[in-house]
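# Descriptive analysis of the structure
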Amino acid sequence: MKSETQNAMTKPAVIITTIILIAGLAVGAYVLANPGDKKAVAVGKPALTVNTVNPQMSELGIKLIANGSITAWQEAIVGAEVNGMRLNAVRVNVGDQVMRGQELATFAPETVEAELAQQRASVAEAEASAAEAQTNAERARTLEASGALSAQQINQYFTAAKTAESRVAAARAVANSAQIKLKNTRVLAPDSGVVSARTATVGAVVQSGQELFRLIRNNRLEWRAEVTAAELDKVRVGQIVALTTPGGKVVAGKVRMLAPTIDVQTRNTIVYVDLPKTDDVRAGMFAKGEFELGQSNALTVPQQAVVVRDGFSYVFVIKQSADEKNNGQSRVAQIKVVSGRRAGERVEITEGLKADQLIVGAGAGFLNDGDLVGIAVRNPAGNPAGNPAGTTKSSQIQTPASARVSTANAATTPAQ
């Protein structure tokens, strides 16, 4: 009795299941028999709604990139010209701007002053002896005709006078040497510039020729770029160079000269680039520079359309079938490309992409190969907000209230 009741209860379920299977088979057969029927195609859920763009031909600058160090145009070394003297004062420090002839340091002058006084006294003594010898020679000359003195005696007086004059000249030379030595107790700047190094210390006893200061002459810097021999023929004197400092600042330089030789070990040559006087560059920096060589046409895409994965660059191309097009959806294919130059938000594509291919713009970084996406607005020019060039969405146009009032008044005012 119980089994009969259970069989009676399961019969409706079996009937319903059979009806569902028959309906499913009928729908499947209809879809296979009518593949062009839009209503029969099941529409998938897109992974993302994206904007599409077309690659563009743009003019990009041709640049030669090089690296090098920023150094002083010329450096002046200021050394001691006196020997065994004590530094009495140091007037400047590193970073100070100095002018030609400005006092940088002084040595204790007492010893040299005493020596100079002694030499001046020797000059006075020599001059007195010379005056006496000259007087004796004049007397001998007056007595030469009388025969009171022999010719030998007269020549001795003349010789003594000339010897005394020579001693005066020697004493004056020694005195002048002491005067120069006293002058050298003041260390003066040989040229205008900025102090780049200082080894002078108050109280130190230095030797002749010892370095005290270094100056960057006229505060003038240059960038010494290393360029390969193959690229050397592209560089010309007078070319503009955009130099990027380690801090990200861009400074414009100008090629002054090219080195006449090539390094036999690195096979590179040095290009000397003059830099303007600015606080953004300093001697000792290592910087990258771009030589402006001209312009050329290039196939470019927006930077946001290029996705870098595993060290390679990719873009997503729209692969739209007829049915997906009718539903506003598309499949994307990930293709590898080779990127080149950059200009603002545009990236040059040198390989892997054709000019007539439609690619994903914003949102490409969230996609994978074969994803189904929704197409929001086609943007051939790659403009922001997904609007094509020369078009504007009607929903984005808002007429000011004053303009509406003016329009209404114009409509109601009769023509005059």
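Here is a short report on the structure shown in this document. (Residues numbered from 1 in each chain as written. Predicted model: local features only at pLDDT ≥ 70, side-chain atom pairs only at ≥ 80, totals over all residues. Heavy atoms only, no water.)

What follows is about the packing of aromatic side chains. This model, assessed by the stated rule, comprises 1 aromatic pair. Positioned over the ring face of Trp73 is Arg220, at 4.1 Å from the centre of the ring. Cation over ring: Lys336 sits above Phe312, and NZ or CZ is 4.1 Å from the ring centre. (Phe/Tyr/Trp six-rings, centres within 6.5 Å; stacked < 30°, edge-to-face > 60°. Lys NZ or Arg CZ within 6 Å of the ring centre and 35° of its normal.)

Of the two faces of strand E12 (residues 240–244), only the one carrying Val241 and Leu243 is buried; Ile240, Ala242 and Thr244 on the other face are not. Here 5 bridges tie E12 to strand E13 (residues 250–258), and the two strands are oriented antiparallel to one another. Bridging across to E13, Val241 finds its partner in Gly253. Here E12 folds back onto E13 in antiparallel fashion, the turn holding 5 residues, of which Gly248 has a positive phi close to 90°. When E12 meets strand E15 (residues 286–302), the two strands line up antiparallel, connected through 4 bridges. Bridge pairing links Ala242 to Glu290 in E15. (Buried < 20%, exposed > 50% of the residue type's maximum accessible area, 1.4 Å probe, protein only. Helix = DSSP H or I, 4+ residues; strand = E, 2+ residues; numbered from the N terminus. Pairing = 2+ DSSP bridges.)

The next subject is the side chain of Glu222. Along the chain, the position of Glu222 falls in strand E11 (residues 221–228). Given a relative accessible area of 1%, Glu222 falls into the buried group. A distance of 2.8 Å separates a polar atom in the side chain of Glu222 from a polar atom in the side chain of Arg256. With sequence-adjacent residues up to four places away left out, Glu222 is seen in contact with Ser69, Ile70, Thr71, Ala72, Trp73, Arg256, Tyr272, Val273 and Leu275. (Polar contact = N/O pair within 3.5 Å; in protein donor to acceptor, adjacent residues only side chain to side chain. Contact = heavy atoms within 4.5 Å.)

This brings us to the sheet that holds strand E6 (residues 103–107). Two strands in a sheet stick together by hydrogen bonds in their backbones, pointing the same way (parallel) or opposite ways (antiparallel). One open sheet holds the 4 strands; their spatial order is E7-E6-E4-E9, and the pairing between them is antiparallel. Edge strands, defined here as strands with exactly one partner in the open sheet, are strand E7 (186–188) and strand E9 (205–206). Where strand E4 (residues 85–90) and E6 come together, 3 bridges link them in antiparallel fashion. Counterpart to Leu87 in the pairing with E6 is Phe107.

What follows concerns the pattern of salt bridges. A side chain of one charge can pair with a side chain of the opposite charge if their charged atoms are brought near each other. Evaluated as defined, the whole model comprises 15 salt bridges. Among the ionic pairs, Arg100 bridges to Asp191, the shortest N-O distance being 3.2 Å. With Arg100 in the loop between strand E5 (97–98) and E6 and Asp191 in the loop between E7 and strand E8 (193–198), this pair connects stretches of sequence that are 91 residues apart. Residue Arg100 is classed as exposed on the basis of its relative accessible area, which comes to 57%. With a shortest N-O distance of 3.1 Å, Arg141 and Glu138 are connected by a salt bridge. Remark: Glu138 and Arg141 occur in helix H2 (residues 110–143); sequence separation between them is 3 residues, near one turn of the helix. According to the relative accessible area criterion, Arg141 is partly exposed, its value standing at 40%. Under the relative-accessibility criterion, Glu138 is labelled partly exposed at 39%. If you follow the salt bridges from partner to partner, you end up with Arg220, Glu222, Arg224, Arg256 and Asp274 in one network. (Salt bridge = Lys/Arg side-chain N within 4 Å of Asp/Glu carboxyl O.)

Let's shift gears to the nonpolar core. One finds Leu104, Phe107, Leu212 and Phe213 to be the most contacted residues of the largest nonpolar core, which totals 24 residues. Only strand E3 (75–79), E4, E6, H2, helix H3 (151–183) and strand E10 (211–217) provide two or more residues apiece to this core. Dropping the residues within four chain positions of it, Phe107 is found in contact with Ala80, Val82, Met85, Arg86, Leu87, Asn88, Asn184, Thr185, Val187, Val206 and Leu212. Counting residues in hydrophobic clusters, the runner-up holds 21 residues, among them Leu243, Val251, Val271 and Val281. (Core = buried A, V, L, I, M, F, W, Y, C linked by side-chain atoms within 4.5 Å.)

Attention shifts here to the pairing of strand E18 (residues 329–343). When strand E17 (residues 312–319) meets E18, the two strands line up antiparallel, connected through 7 bridges. Across the sheet, residue Lys319 finds its bridge partner in E18, namely Arg331. Linking E18 back to strand E19 (residues 346–351) in an antiparallel pair, the connection comprises 2 residues, with Gly344 at a positive phi of about 65°.

In short, shape yes, function no, at least from these values alone.
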